[in-house]
Amino acid sequence: MTASPETPTPEVPEVPRAGDILQSVAEKLGLTPEQVERSLAEANITLKSPAAADRRLRMLRLRVHGVKHSGDPFSMEREFSAGVWAIVHPDNSAGKTSLLEFLVWPLRGEPRDLPLDVRSWVRHLSMDVAVAGRPIRIVLDVDPGAHPTLTGRILTADTVEQLLATDDGGDGLRLLEQASGADEVDRSIGAFFLDALRMGHTSLWQAGGGADGEGAPQVHGWASYFGACYLNPGGDEILLGDVNAVGLSARLMELFVDIPYSTVLTQLSVADKRERKTLAQGKRRAEGDADARRAERTAWQEQLEQLSQQIAELQDVASRDVSPLLQAADQAAARLRDTQSVLHEAEQSLTETNTARVRADQALLDARETWQARRVLGRLDPVCCPRCEEPLDRDRRQQEREDASCAVCTRTLPEVDEETAEVLLQDLEQQLESAREAEDAASRQRDAAAAAVNAAVIEQQAASAALQTALATSQNHERLRQLELQAAGLEGRLAATGSGPEEPPVPVSAQVLEAVTEAVREAVDAAAKRLFPAMNTQIVELATRFGVQNLDSVRLDRSGRVNAVKAGVKTSFKRLSRGDRLRMRIATVIALLRVGADRGVAAHPGLLLIDSVAAEEVTEVPARTLIAELQAITKDLPDLQVVLTTAQPELVDDLPGDHLITRDSEHLF
C-alpha cells in the first residue's frame, strides 16, 4: 500500500512500554511494579507493550449448494480477487442481498439479513479466505433431517494454492475447529477470527445496566466488529458498526486505526467503573447504617435520662442495706461450687478404682482357667487335626511319644510346672485384694463428699431465702437494681456506638486501577491527537470524492462523533442525508486503511461489503461517482476488496466484466 499523495504521512507516535507504565504507577503509589501487575491480574487485565496487528481478511472463493422449495437444486461458485466487485440484477427479489449474505454468513458466524426461506435452501456453504495471510476454509453444512441441522468446520492448508485445489475432505487440509448447532457455530467462528486477527472481546460500561440498575459491562465480540466491514442499512445512523451501543463506534475506530493501548484502556475503564460502583455501594450502606445508628442513639439517650431521674428518686427513699445478705449468698454459692468439685473428683476416683478391681478380678479368673485348661489339654490324645479333621497317622503319634512333640502342630510340648503356676495365682489374688481395698476407700470418700454437697446446698438455700426475704421487704431496692441494670445496658450501647463510622480507606486495587487507567489514557490520547488529524483530512478528501457536497471539515473525537461542518454549518452525523451517511461511512473505513498503510500496519481487515449502494440516491450521478472513486482507490490500496450490490447495471459499466456477478435469468441463483 502507498500513502495518498494529498495527505502527509502521519508521524508514528512514541508509545511508552508497558514496563515504563507499571514503573511510573508503582513509584506514584509506593508499590513495586510486580504489585501493580498483580493487582491488574486480579482484575483479569494484562498490560503488554503494543505490537502492530495483521488483520487482513481477503475472500478467495465462495461455493454454495442447496435445494429450493420447488425441489430444484442450485449451485454457484465464485472466486474473488482484490478490487471492487458488484452483484448486479435489475429486478427486486433476484437474490442480490441473499448472495451478499452468503458471504457474510461464514465470515460473521451468522447472516445479518438473509431471508429465512432462502436460508432453508442452503445445504452446503464453503468460503475460502486468507486471514492475516493464512489460508482458511470455513465450511457450513445443513442437514434438515439432523439435529442440530447446522454443523461447521474451520480448515487450513499450507498455501492458498493448496487450499483452492483441495476438496473439503482432502488430505491437504487440517481441521482446526468443529461445531454443531447455530449458536456453537457462531461462537466457534467468532472465537477463531478474534484469535486469528489478534482481537479480544470489548467490554463497554452501560450506565443503567445490571440487575441493580447501577451499571454493568456490556460485552461485544466479533459480530459487532464485523459491522465495520459490512455497511448494511441497519447501521446507517452509526459511523462504524451496526450495533447501537454507547462508545462502540469509537471503540471500533480506535481498534481499526490501531491506537496503542486502546483495547486495554477499555478493559481498565470497565474495571475502574466496576470498582467505583462497588465502593459507592459500600459507602451508601455505611452511611445508611450510620443514619440508623444515630436515630437509635437519640432514643437510647432519652431513655437513659429518664432512668437516671428514676434512679435518683429511688436512691433517696432506699433505707435498707442488703449487702451483707448478698455477700452471705455469694459465699454460700462459692462453697457449694467447691464441694461439688470435690464430689466430682471423688466420683471419678471411685470409677477408676472400680475399673482396676474389675481388671484384677478378671486377670485372676483368666489365670485359673488357663491353668486348668493346660492340665486338661496336656492329657489329651488327639486322633485327628482339629481344623481339617484329617486322621493323624501312626508315625506322627509315635514321634509324639518319642520326642515329646505335639502330633498336631509338631511343636515341643510345654512342661507343666505346678509350683510356678501356684505362685502366679497367689500374686494375682493379692493384687485383687489390694484393688478391693482401694475401691472401698474411694467409695467412702465419695460418700463424704456427697454429704458435704448436701450440707452446702442447704446452706446456700438458706442464704438465698434470707436474701429473698430481705428483698421482699424492700421493693424500692429491687426496683432500683432493675433500673440500674437497664441504665448500665444503655450506657454500654452508647459507649460502643459513640464514634461515627470512619471513612473506609480506598483499596489498593482501586488505586492501582485508577492510576494505570490515567497513565494508559495519556498514551491513548497522545496517539489519537497524532492520528485523528490524518483521519480527518482523509475523510474530508474521500467523502468529497464520493459525492458529499459542501463538506468543509470533519473532526473525529474519541467518543465516535464526526463533528462535520457543511457550508459553514455544524452538522451531526445523524442530520446528514442517508446517501451522505453511507459515503461518510465508506470514507471513514478507507481512511482507516490509508492511515494504517501509511504507518505500515493492517489494523482493518480491508474488506467492505455494501448492500444497495444506490438505494438512497435521487440520481445515478452520485452513485456512479462513488463506485468510480472506489475503483480508483484500489490503485492506492491494492489489498482493498469491496463487494457491493445494485439494481442499476449502468452504475457499474466501468468495472471489469469478471468483477460483475450477474445473470440474464430471473434470479441470480
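One can find the structure itself at the top, above this paragraph.
My aim in this report is to walk through the structure given alongside it, one point at a time. Everything numeric in this text was worked out from a predicted model, so none of it was measured.

Cut-offs applied
Residues numbered from 1 in each chain as written. Predicted model: local features only at pLDDT ≥ 70, side-chain atom pairs only at ≥ 80, totals over all residues. Heavy atoms only, no water. Pairing = 2+ DSSP bridges. Helix = DSSP H or I, 4+ residues; strand = E, 2+ residues; numbered from the N terminus. Axes fitted to C-alpha atoms, helices over the stretch in contact; angles between N-to-C directions. 1 Å grid on protein atoms, 1.4 Å probe; cavity = no way out; pocket = protein on both sides within 12 Å on 5 of 7 lines; lining within 4 Å. Points joined across faces, edges and corners; volume = space filled by probe spheres on them. Nonpolar A, V, L, I, M, F, W, Y, C, P; charged D, E, K, R; others polar. Phe/Tyr/Trp six-rings, centres within 6.5 Å; stacked < 30°, edge-to-face > 60°. Buried < 20%, exposed > 50% of the residue type's maximum accessible area, 1.4 Å probe, protein only. Lys NZ or Arg CZ within 6 Å of the ring centre and 35° of its normal.

Right, let's talk about the sheet that holds strand 4 (residues 122-131) for a bit. Paired through backbone hydrogen bonds, the strands of a sheet run either parallel or antiparallel to each other. The six strands lie next to each other as 2-1-4-5-6-7, forming an open sheet whose pairing is antiparallel. Pairing within the sheet leaves two strands with one partner each, and these edge strands are strand 2 (73-79) and strand 7 (174-180). Here the average twist between neighbouring strands, direction ignored, is 15°. Inspection of the sheet shows strand 1 (residues 57-67) paired to strand 2 by seven bridges, in the antiparallel sense.

Evaluated as defined, the whole model comprises one cavity of 30 Å³ or more. Empty space within the largest cavity amounts to approximately 50 Å³. Every residue along the wall of the largest cavity is listed here: Ile138, Val139, Leu140, Gly152, Arg153, Ile154, Glu177, Gln178, Ala179, Val185, Ser188 and Ile189. Residue assignment for the lining of the largest cavity shows that the elements contributing at least two residues are strand 5 (134-142), strand 6 (150-156), strand 7 and helix 6 (182-196). Residue classes in the lining of the largest cavity are distributed as seven nonpolar, three polar and two charged.

What follows is about the packing of aromatic side chains. One pass over the full model with this rule turns up seven aromatic pairs. Ring centres of Phe102 and Phe669 lie 5.3 Å apart, and the angle between their planes is 55°; this geometry places the pair in the tilted category. Highlighted residues: Phe102 in helix 3 (residues 96-108) and Phe669 in the segment after strand 16 (660-661), separated in sequence by 567 residues. We classify Phe669 as buried; its relative accessible area is 9%. An aromatic cluster is present here, built from Phe74, Phe102, Trp121 and Phe669 joined pairwise through their rings. The ring centre of Trp105 lies 4.7 Å from the NZ or CZ of Arg119, which sits over that ring.

What follows covers the sheet that holds strand 13 (residues 569-571). Taken in spatial order, the three strands line up as 11-12-13 in an open sheet, and their pairing is antiparallel. Edge positions in the open sheet fall to strand 11 (551-553) and strand 13, since each of these has one partner strand only. Strand-to-strand, the axes of this sheet are offset by a mean angle of 45°, without reference to chain direction. The pairing of strand 11 with strand 12 (residues 564-566) spans two bridges and is antiparallel. Residue pairing in the sheet places Ser553 in a bridge with Val565 of strand 12.

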